[in-house]
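Each chain is listed here by its residues.
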Amino acid sequence: GYFVQVGAFKTEGKGDNMKVKLALQGFEAVVQTAAIPEKCVWHRVRVGQLKDLDKINKTKSDLVNNGFKADLIKVNNENQ
């Protein structure tokens, strides 16, 4: 599966704010917290999990058209 990552923030509040902005535009997002060893914690804002290629392309296009950054992230289903 895939997620479309819209942002990654060092503070949870910024991640939550992005999630709210996305919701106001009709996108359902999640904030995933990830600790990067020996560095810091990132709060990743992602839309998905998506499996259908047409849905992936439409979601990414819709996000970009609404002014969001949209990076496609492939995920291992065992970890999600």
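Right above here is the structure, for reference.
Keep in mind it's a predicted model, so treat the numbers as computed, not measured.

Visitor: Honestly, the packing of aromatic side chains in this entry has me stumped. Any pointers?
Guide: Where two aromatic rings form a pair, the distance of their centres and the angle of their planes describe that pair. Scanning the entire structure with this criterion turns up one aromatic pair. Ring geometry for Phe27 versus Phe68: centroids 6.3 Å apart, planes at 80°, classification edge-to-face. Taken together, the residues Phe27 in the loop between helix 1 (12-24) and strand 2 (29-35) and Phe68 in the loop between helix 2 (53-65) and strand 4 (71-74) connect sequence positions 41 residues apart. Take Phe27 and Phe68: they sit in the same class, and that class is buried.

Visitor: Would you explain the sheet that holds strand 4 in this entry?
Guide: What links the strands of a sheet is backbone hydrogen bonding, and the strands pair in either a parallel or an antiparallel sense. Taken together, four strands build an open sheet; the order of strands is 2-3-1-4 and the sheet is antiparallel. The strands lining the two open edges of the sheet, one partner per strand, are strand 2 and strand 4. Strand-to-strand twist in this sheet, taken as the mean axis angle between neighbours without regard to direction, amounts to 45°. Seen against the sheet, helix 1 touches strand 1 (2-9), strand 2 and strand 3 (41-50) and runs at an angle of roughly 25° to strand 3. Contacts from helix 2 reach strand 1, strand 3 and strand 4 within the one sheet, and its direction differs from that of strand 3 by about 130°.

Cut-off values and rules
Residues numbered from 1 in each chain as written. Predicted model: local features only at pLDDT ≥ 70, side-chain atom pairs only at ≥ 80, totals over all residues. Heavy atoms only, no water. Phe/Tyr/Trp six-rings, centres within 6.5 Å; stacked < 30°, edge-to-face > 60°. Helix = DSSP H or I, 4+ residues; strand = E, 2+ residues; numbered from the N terminus. Buried < 20%, exposed > 50% of the residue type's maximum accessible area, 1.4 Å probe, protein only. Pairing = 2+ DSSP bridges. Axes fitted to C-alpha atoms, helices over the stretch in contact; angles between N-to-C directions. Contact = heavy atoms within 4.5 Å.

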